[in-house]
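Residues per chain, in single letters:
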Amino acid sequence: MMTFEIIGQRLVLSSPVVVEGSIDYLTAEFLFHDADWRGADKWAHFTKTTKTKTVEWDINILDDKIDKEAHLNLDSGTWKVFVHGSTLDGTRITTDEVEIEVSRTGMRSYGVLEEMPLSDAEQISL
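Notes on the structure follow. (Residues numbered from 1 in each chain as written. Predicted model: local features only at pLDDT ≥ 70, side-chain atom pairs only at ≥ 80, totals over all residues. Heavy atoms only, no water.)

Looking at the pairing of strand β10 (residues 98-103)
Cut-off, in case you're wondering: Residue burial is assigned from relative accessible area. The probe radius is 1.4 Å, only protein chains are included, and a residue is buried under 20% of its type maximum, exposed over 50%, and partly exposed in between. Helix numbering and strand numbering both begin at the N terminus, where a helix is a DSSP run of H or I of at least 4 residues and a strand a DSSP run of E of at least 2. Strand pairing follows a simple DSSP-based rule, namely that at least 2 bridges must link the two strands.
In β10, alternate side chains face the same way, and those of Val98, Ile100 and Val102 are buried while those of Glu99, Glu101 and Ser103 on the opposite face are not. Sheet topology places strand β3 (residues 18-19) next to β10; two bridges connect them, and they run parallel. Among the inter-strand pairings, Val19 is bridged to a residue of β10, identified as Ser103. Two elements, strand β8 (residues 77-86) and β10, share five bridges in a ladder whose sense is antiparallel. Residue pairing for β10: Gly77 is matched across the bridge by Val102.

Here it is, written out as structure tokens:
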């Protein structure tokens with residue numbers, strides 16, 4: 001789980017290693033320390049830009065969380081994240097950006113997991 005702390009407009013990330021190839025696994029928790037965010041409709045924006053394309057995930061933060069049902073699936077590389085909130089009276093508050101480095105996995109495809117060859121012990125026991 002990624003944990004983001006929001007102190008005023010400062011966004012701070014504390015996270016374990018994030019690795020590409022996980023499907024419907026990533027979650028996030030947002031800790032808002034200021035009343036300025038109270039009652040706001042909050043959104044997290046994840047962006048990764050390469051030479052050929054930009055990938056964006058804009059996810060509504062519900063109950064200060066992003067659950068796995070939001071389908072936040074990040075591929076390897078550097079992602080930038082910021083949060084914004086809007087209130088009914090038209091006020092908008094935003095944060096600065098933080099970077100998340102998503103590591104590569106050893107998987108060669110993200111479909112069904114590849115069959116693993118039998119270990120020496122398993123082959124002998126056959």
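Now, onward.
A word on the packing of aromatic side chains
Formally: The rule is short: rings of Phe, Tyr and Trp, with Trp giving its six-membered ring, pair when the centres are within 6.5 Å, and they are stacked under 30 degrees, edge-to-face over 60, tilted in between. A ring is considered to have a charge above it if a Lys NZ or an Arg CZ atom is located within 6 Å of its centre and within 35 degrees of its normal.
This structure, assessed with the given rule, holds three aromatic pairs. Taking the centre distance of 5.0 Å and the plane angle of 10° together, the rings of Phe4 and Phe30 count as stacked. Taken as a pair, Phe4 in strand β1 (residues 2-7) and Phe30 in strand β4 (residues 28-32) lie far apart in primary sequence, 26 residues in all. Here Phe4 matches Phe30 in class, with each residue buried. Relative to Phe32, the ring of Phe30 has its centre 6.4 Å away and its plane inclined at 20°; by these criteria the two rings are stacked. There is no split in this pair, since Phe30 and Phe32 are both buried. Ring pairs connect the aromatic residues Phe4, Phe30, Phe32 and Trp37, which therefore count as one cluster. Above the plane of the ring of Phe32 lies Lys42, whose end atom (NZ or CZ) is 4.3 Å from the centre.

Observations regarding unusual backbone geometry
Phi at Asp63 takes a positive value of approximately 55°, unusual for a residue other than glycine. With respect to the helices, strands and loops of the structure, Asp63 is situated in the loop between β6 (54-61) and β7 (65-66). With relative accessibility at 72%, the residue Asp63 sits in the exposed group. You will see that Asp64, though not glycine, has its phi angle at about 60°, which is positive. For Asp64, the position within the fold is in the loop between β6 and β7.

Section: the environment of Arg104
For clarity, the cut-off: Here a residue-residue contact requires only that any non-hydrogen atoms of the pair lie within 4.5 Å.
With respect to the helices and strands, Arg104 occurs in the loop between β10 and α1 (120-125). Since its relative accessible area comes to 67%, Arg104 is described here as exposed. Once residues lying within four places of it in the same chain are set aside, the contact partners of Arg104 are Val19, Glu20 and Ser76.

Looking at the sheet that holds β1
The four strands lie next to each other as β2-β1-β4-β7, forming an open sheet whose pairing is mixed. In the strand order of this sheet, the two ends are held by β2 (10-14) and β7, each with one partner. Pairing of β4 with β7, which is carried by two bridges, proceeds in the antiparallel orientation. Counted as the bridge partner of Glu29 is Lys65 from β7.

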